[in-house]
Amino acid sequence: LNIDLAPTILSAAGIDIPERMQGKDISQLYIDDDESREASNHWRKEFYYEHPQLFSKDSIPESQALVRKQFKYFYWPDFNVEQLFDMTIDPYEEDDLIGNPGREDLIAEMRSRMNELREKAL
């Protein structure tokens, strides 16, 4: 993610990464030593992103999402619409699962987690 670039560069330069910085030093993903391999096992498994409205809500509306390897949960605040996609079987995001029975717990958990991560980003 682009939020990881600054912490990685600071780390490479030997500069402490400020606590308020959201990204992580990604060097642990490409350095081949025992410590880095162990750290990479605990690398983020999800991320929150937001995109602001551009021009108008009818052109490019605001969106927020929680992205995981298997699922992507979207929220469109201007329209109060949610979407859920299974990225393993639907990588082009064509089959919205939000209304499918049996997904209620997953949707509630992803909605809650997205809101938690959004609050941390403020």
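To be clear, the structure that these remarks concern was listed above.
Below you will find a few notes about this structure. (Residues numbered from 1 in each chain as written. Predicted model: local features only at pLDDT ≥ 70, side-chain atom pairs only at ≥ 80, totals over all residues. Heavy atoms only, no water.)

**Considering the overall build of the chain**
The condition is simple: A helix here means a DSSP run of H or I that spans at least four residues, while a strand means a run of E at least two residues long, and both kinds are numbered starting from the N terminus. The atom set for the radius of gyration is the C-alpha atoms, and the globule formula is 2.2 Å times the number of residues raised to the power 0.38. With a 1.4 Å probe rolled over the protein chains alone, any residue whose accessible area is under 20% of its type maximum counts as buried; one over 50% counts as exposed, and the rest are partly exposed. Any two residues whose heavy atoms approach within 4.5 Å at even a single point are treated as in contact. For the area figures, the Shrake-Rupley method with a 1.4 Å probe applies, and any residue is considered shielded solely by the protein chains shown. Positive: Lys, Arg. Negative: Asp, Glu. His and the chain ends are not part of the count. Charge placement uses NZ in Lys and CZ in Arg. For Asp and Glu, CG and CD serve respectively.
Regarding its fold elements, the chain presents three helices and four strands. Beginning at the N terminus, the succession of helices and strands in the chain can be written as α-α-β-β-β-β-α. Here the C-alpha atoms of the chain give a radius of gyration of 17 Å, more than 25% beyond the 14 Å that 2.2 N^0.38 yields for 122 residues. Principal axes of the C-alpha set define a box for the chain whose edges measure 45 × 35 × 25 Å. Counting the 122 residues in the chain, one finds 26% classified as buried. The long-range share in the chain, meaning contacts at least 24 apart out of those at least 6 apart in sequence, stands at 22%. For the chain, the computed accessible surface area is about 8,500 Å², with 52% contributed by carbon and sulfur atoms. Between the centroid of the 14 positive side chains of the chain and the centroid of its 26 negative side chains there is a distance of 2 Å.

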